[in-house]
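Coordinates in review
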Amino acid sequence: MSIEDIKLGRRLALSALALGLAAPRSGFAQAGAYPSRAIKLMVGYPPGGGADILARIVANKLSPLMGQPVVVENRPGAGSTIAAASLASAPADGYTLLLAESGILVGTAIYDKVAYDPITLAPIAALGDLPYSLVVNPAFPAKTTRELIDVLKANPGKYSYASPGVGNIAHLSAEMFQKEAGVQIVHVPYKGGTPALADLVSGQIPICFVSLPPALALARSGKLRLLAVTSAKRSPAAPDTPTISETLPGFNSVASIFVLAPPGTPAAIVDRVNAALRDVMAMPDVTADFVAQGATVETSSPQQLSALIRQELASWNSIVKSANIRME
């Protein structure tokens, strides 16, 4: 064999090696180019609300980990079911995600038709829980949950309560409370927590189930009385505030917060985003920001989130049917 033959053989071998390295060898290798452009993170509520704030906290930290901008897009309406429907019809390429909460699961029970099936949406990761608060006007004759129950039992159907709207988790928390406490309160739905709290503070309505952060701020200024939170454990944002479960053992009503992708999103992309979200949620400043919004932090695998969604679908649907809650 001549020197020229050896040189030719080496050139051919190097060319073959280069081609082999350039060729994608698996689905994961193909997903290695992801993401190559901006990612849209939808949220089903208006700007400035709790879910929107959490989405922006996550997006800001997720962007550098993904190497591309993560842009929050608000798609409010119908208890976030509009955003969920938009996700269901988006391309399964990882460039459209949804920061959702349990409201999209309730939507399938309270609306006659929704344009998505939560079971088919690709689960990526759970992020945490968002408890709600039970508050009363300062003039109301109850300073504890037990005293509230006693007043309501002595006056069935006399008092009313406000919630941010029909079918949201605050509303369902109140329905759970009525059932487990054996009381009757008249529901007055509002278009959001802000007007509900405004009427509570002014004395137009005596009781309210609402997100924790705004209630906590008003309680500190003496404009309302914070009786309890709806989570099984006390909130890090209000460690001195009892839970309803301390009076009604086993009571637990929170909105789970999680990230979803369109149906059929490749597993490699799901795993990539899941890993990045776990890193985000492990950051101390993210935990602190979530706590400031009344939320707790809890991550999961896609498989664990899938199981959680199925479990919550069953439990929320049971509450909706028991309370006969429907929307046209």
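Bear in mind the structure is a predicted one, so any value in this text is a computation, not a measurement.

Overview of the overall build of the chain
Scanning the chain for helices and strands turns up 12 helices and 10 strands. Of the contacts formed within the chain by residues at least 6 apart in sequence, a portion of 77% connects residues at least 24 apart. Carbon together with sulfur atoms contributes 56% to the accessible area of the chain, which is approximately 15000 Å² in total.

Thoughts on the packing of aromatic side chains
Throughout the structure, instances matching the rule amount to four aromatic pairs. Judged by centre distance (5.2 Å) and plane angle (70 degrees), the rings of Tyr34 and Tyr95 are edge-to-face. Taken together, the residues Tyr34 in the loop between α2 (27-31) and β1 (39-43) and Tyr95 in the loop between α4 (81-88) and β3 (96-101) connect sequence positions 61 residues apart. For the pair Tyr34 and Tyr95, one class covers both residues: buried. Aromatic side chains Phe177 and Phe209 sit 5.8 Å apart centroid to centroid with 55 degrees between the ring planes, which places their arrangement in the tilted category. Separated by 32 residues along the polypeptide, Phe177 in helix α7 (residues 169-181) and Phe209 in strand β7 (residues 207-211) bring together distant segments of the chain. As far as burial versus exposure is concerned, Phe177 and Phe209 are alike and both buried. Over the ring of Tyr95 we find Arg37; its NZ or CZ atom is 3.8 Å from the centre of that ring.

Points about helix α6 (residues 145-154)
Listed as buried for α6 are Thr145, Leu148, Ile149, Val151 and Leu152. Buried residues of α6, viewed axially, fall in a sector of 165 degrees; they line one side.

Let's talk about the side chain of Ser245
Within the secondary structure, Ser245 is located in the loop between β8 (225-229) and β9 (254-261). According to the relative accessible area criterion, Ser245 is buried, its value standing at 15%. Of the polar contacts made by the side chain of Ser245, one reaches the side chain of Thr243; its length is 2.7 Å. Among residues more than four places away in sequence, those in contact with Ser245 are Ser231, Ala232, Gly250 and Phe251.

Considerations on the packing of helix α5 (residues 103-110) against helix α12 (residues 302-323)
It is the contact of α5 with α12, at a shortest axis distance of 9 Å, that shows an interaxial angle of 45 degrees. On the basis of their axis angle, the class for α5 and α12 is oblique. With respect to the hand of their crossing, α5 and α12 are arranged in right-handed fashion. Along the contact surface, α5 presents Leu105, Val106, Thr108, Ala109 and Ile110, while α12 presents Ile309, Glu312, Leu313, Trp316, Asn317 and Val320. Of the residues assigned to the contact of α5 with α12, the class counts are eight nonpolar, two polar and one charged.

Focus: the pairing of β9
Among the eight residues in β9, eight count as buried, and that is most of the element. Pairing of β3 with β9 involves four bridges; the strand directions are antiparallel. From the neighbouring strand, Glu101 faces β9, where its bridge partner is Ile257. By the bridge criterion, eight bridges tie strand β4 (residues 122-136) to β9 in an arrangement that is antiparallel. Its bridge partner being in β9, Asp129 is matched across the sheet by Ser256.

Cut-offs and rules
- Residues numbered from 1 in each chain as written.
- Predicted model: local features only at pLDDT ≥ 70, side-chain atom pairs only at ≥ 80, totals over all residues.
- Heavy atoms only, no water.
- Helix = DSSP H or I, 4+ residues; strand = E, 2+ residues; numbered from the N terminus.
- Contact = heavy atoms within 4.5 Å.
- Areas by Shrake-Rupley, 256 points an atom, 1.4 Å probe, with all protein chains shown as cover.
- Phe/Tyr/Trp six-rings, centres within 6.5 Å; stacked < 30°, edge-to-face > 60°.
- Buried < 20%, exposed > 50% of the residue type's maximum accessible area, 1.4 Å probe, protein only.
- Lys NZ or Arg CZ within 6 Å of the ring centre and 35° of its normal.
- Arc of directions from axis to C-beta.
- Polar contact = N/O pair within 3.5 Å; in protein donor to acceptor, adjacent residues only side chain to side chain.
- Axes fitted to C-alpha atoms, helices over the stretch in contact; angles between N-to-C directions.
- Parallel < 35°, antiparallel > 145°, perpendicular 65-115°, else oblique.
- Left-handed = near helix turned anticlockwise from the far one by under 90°.
- Nonpolar A, V, L, I, M, F, W, Y, C, P; charged D, E, K, R; others polar.
- Pairing = 2+ DSSP bridges.

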